[in-house]
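# Examination of the molecular architecture
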Amino acid sequence: MLILQCPCCGVEAEETEFAGGGQAHLTRETVGASEENFEAYLFMRENPKGVHFERWRHANGCGKWFHAARCTVTLEVFGTYSAQTTRPPNEICDKITARRPGWSLKDWGSGKFA
Amino acid sequence: MSDAISALDGARSEGSAVVEELGLRGMITLRGDLSSKTVAAAVKNLTGLNLPQQRMCNSRAAYGVAWMSPDELLVMIPYGEAEAATAKIAGALAKEHALVVNVSDARAVFAIRGAGAREVLAKLAPVDLSKERFEPGQFRRTRLAQVPAAFWLRDPDRFELICFRSVAQYVFDLLKTSAAPGAEVGFL
Ligand SMILES: [Zn+2]
């Protein structure tokens, strides 16, 4: 069971108060995109063992979207942060590194932030 | 015009807590900039209440203002005043980026009171309802079993709860079952 803190209203609750929204920080490919990039945007997702970034919505609460950084193996939540950002903020990366020494955003997934 | 009645017409049940449907209540959803003085003034004008802090509900007699989200308030007033009040707030906020809607008929309101009230709710919602963590005035949007709901601690042993009118019977049955004699957990 995940316990998340909504950064929009400050409530800390278990996951049944929230709704998962899939992988975070996708680049929205649109008019003019190559077929490969458009296909990747629609269908291709990271499936990391360990640190992951996801979108969540406080569906049974304030209704807002936010981001969460968590571990897919242990369900540890490293932190939650604003939905209005295109990459994990430094303070979240620092929290992850503190718990997973040697971890680097550069190595996440297929190298989006490399 | 026909007489409006609430979903359960004042249904009541007594167990480890008294569960009671409170009849019709005027409710206005107000979305806008909660730091705006115009918004605060419009709400105060109507209810006599200041805007609540994050996750709080200010109450006075039949009036209330609840913090719903960083850009949303729920204004509670007597049912008969809702229509005129909605127009009044909307008028006051005409120059603001705001939304004002009368949602009175979309909701049901319950009171849960008595010594067992905290436990009756704690069995149904993923919320820490211990005395240290949930204090008078606190307001919480959450779920009750399978449906969205919001409740606040109006007085030390009295919660008020709102849900959608369409699930009023389901919510009443949940609360009644949770408060059934013999179903006490005795933890809170
Ligand atoms: Zn929230």
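Residues numbered from 1 in each chain as written. Chains lettered and ligands numbered in written order. Predicted model: local features only at pLDDT ≥ 70, side-chain atom pairs only at ≥ 80, totals over all residues. Heavy atoms only, no water.

With that settled, consider the environment of Arg143(B). Position of Arg143(B) relative to the elements: it lies in strand 9 (residues 139–144). Given a relative accessible area of 18%, Arg143(B) falls into the buried group. Along the chain, Arg143(B) and Asp155(B) lie twelve residues apart, while their C-alpha atoms are 21 Å from each other. Setting aside its immediate chain neighbours within four residues, Arg143(B) contacts Glu14(A), Thr16(A), Asn60(A), Leu124(B), Ala125(B), Pro126(B), Pro148(B) and Ala149(B). Engagement of the side chain of Arg143(B) in a polar contact is seen with the side chain of Thr16(A), the distance being 2.7 Å. At 2.8 Å, the side chain of Arg143(B) forms a polar contact with the backbone oxygen of Ala145(B). (Helix = DSSP H or I, 4+ residues; strand = E, 2+ residues; numbered from the N terminus. Buried < 20%, exposed > 50% of the residue type's maximum accessible area, 1.4 Å probe, protein only. Contact = heavy atoms within 4.5 Å. Polar contact = N/O pair within 3.5 Å; in protein donor to acceptor, adjacent residues only side chain to side chain.)

This brings us to the sheet that holds strand 6 (residues 72–77) of chain B. All names here are of chain B. Across the sheet, which stays open at both edges, the five strands sit in the order 4-5-6-3-7 with antiparallel pairing between neighbours. Every interior strand has two partners, whereas the edge strands, strand 4 (57–60) and strand 7 (99–102), have only one. Taking the axes of each pair of neighbouring strands and ignoring which way they run, one obtains an average angle of 15° across the sheet. Note that strand 5 (residues 63–69) and strand 6 share five bridges and pair antiparallel. Along strand 6, the bridge assignment pairs Ala66 with Leu74. The sheet strands contacting helix 2 (residues 82–92) are strand 3 (26–31), strand 6 and strand 7, and the helix crosses strand 7 at an angle near 175°. (Pairing = 2+ DSSP bridges. Axes fitted to C-alpha atoms, helices over the stretch in contact; angles between N-to-C directions.)

Note: α-helices contain 3.6 residues per turn, so residues at a spacing of three or four share the same orientation. By the burial criterion, the buried members of helix 4 (residues 168–178) of chain B are Ala168(B), Val171(B), Phe172(B), Leu174(B), Leu175(B) and Ser178(B). With its buried residues spanning 160° around the axis, helix 4 of chain B presents them on a single face. (Arc of directions from axis to C-beta.)

With that settled, consider the sheet that holds strand 1 (residues 12–14) of chain B. Residue and element names in this part refer to chain B. Read across the sheet, six strands follow the order 1-2-8-11-10-9 without closing on themselves; strand pairing throughout is antiparallel. Edge strands, defined here as strands with exactly one partner in the open sheet, are strand 1 and strand 9. The average angle at which neighbouring strand axes cross in this sheet is 20°, direction not considered. Relative to strand 10 (residues 147–155), strand 9 runs antiparallel, the two sharing six bridges. Residue pairing for strand 10: Leu144 is matched across the bridge by Val147. Here helix 4 sits on the sheet and contacts strand 1, strand 2 (18–21), strand 8 (107–113), strand 9, strand 10 and strand 11 (158–164); the angle it forms with strand 8, its principal contact strand, is near 10°.

Applying the stated criterion across every chain, the model contains ten aromatic pairs over all chains. Ring centres of Phe53(A) and Trp108(A) lie 5.2 Å apart, and the angle between their planes is 75°; this geometry places the pair in the edge-to-face category. Note that Phe53(A) is positioned in strand 4 (residues 51–57) and Trp108(A) in the segment after helix 2 (90–99), a separation of 55 residues in sequence. Judged by centre distance (5.9 Å) and plane angle (90°), the ring pair of Phe151(B) and Phe159(B) falls under edge-to-face. Exposure remark for Phe151(B): the relative accessible area of 0% places this residue in the buried category. Judged by relative accessible area, which is 1%, Phe159(B) ranks as buried. In this structure an aromatic cluster arises from ring pairing among Phe53(A), Trp103(A), Trp108(A) and Phe113(A). (Phe/Tyr/Trp six-rings, centres within 6.5 Å; stacked < 30°, edge-to-face > 60°.)

Here we take up the coordination of the zinc ion. Residues and elements named next belong to chain A. Surrounding the zinc ion are the protein donor atoms Cys6 (SG), Cys9 (SG), His58 (ND1) and Cys62 (SG), which sit 2.0 to 2.4 Å from the metal. Coordination at the zinc ion is tetrahedral, judged from the four donor atoms that bind it and the angles of 99 to 115° they form at the metal. All donors of the zinc ion belong to a single chain; written as a sequence motif, their spacing is C-x2-C-x48-H-x3-C. Note that Cys9 is positioned in the loop between strand 1 (3–5) and strand 2 (12–14) and His58 in the loop between strand 4 and strand 5 (65–71), a separation of 49 residues in sequence. (Donors = N, O, S within 2.8 Å, 3.2 Å for Na, K, Ca; no water. Tetrahedral: all angles 85-135°; square planar, octahedral: opposite > 155°, others 65-115°.)

Another point: the packing of helix 1 (residues 37–47) of chain B against helix 2 of chain B. Residues and elements named next belong to chain B. At a minimum axis separation of 9 Å, helix 1 and helix 2 run at an interaxial angle of 155°. When the axes of helix 1 and helix 2 are compared, the pair comes out roughly antiparallel. By crossing handedness, the relation of helix 1 to helix 2 is classed as right-handed. Counted together, Thr38, Ala42 and Leu46 of helix 1 and Ala85, Lys88, Ile89 and Ala92 of helix 2 form the full contact between these two elements. Split by residue class, the contact of helix 1 with helix 2 holds five nonpolar, one polar and one charged. (Parallel < 35°, antiparallel > 145°, perpendicular 65-115°, else oblique. Left-handed = near helix turned anticlockwise from the far one by under 90°. Nonpolar A, V, L, I, M, F, W, Y, C, P; charged D, E, K, R; others polar.)

Scanning the entire structure with this criterion turns up 15 salt bridges over all chains. When the shortest N-O distance is used, the salt bridge between Arg100(A) and Glu76(A) registers 3.3 Å. Pair noted here: Arg100(A) is in the segment after helix 2 and Glu76(A) is in the loop between strand 5 and strand 6 (77–82), with a separation of 24 residues, a long-range link. Among the salt bridges present, the one from Glu160(B) reaches Arg154(B), with a minimum N-O distance of 3.9 Å. What makes Glu160(B) buried here is its relative accessible area of 2%. Residues joined by salt bridges that share partners form a network here, namely Lys64(A), Arg31(B), Asp71(B) and Glu72(B). (Salt bridge = Lys/Arg side-chain N within 4 Å of Asp/Glu carboxyl O.)

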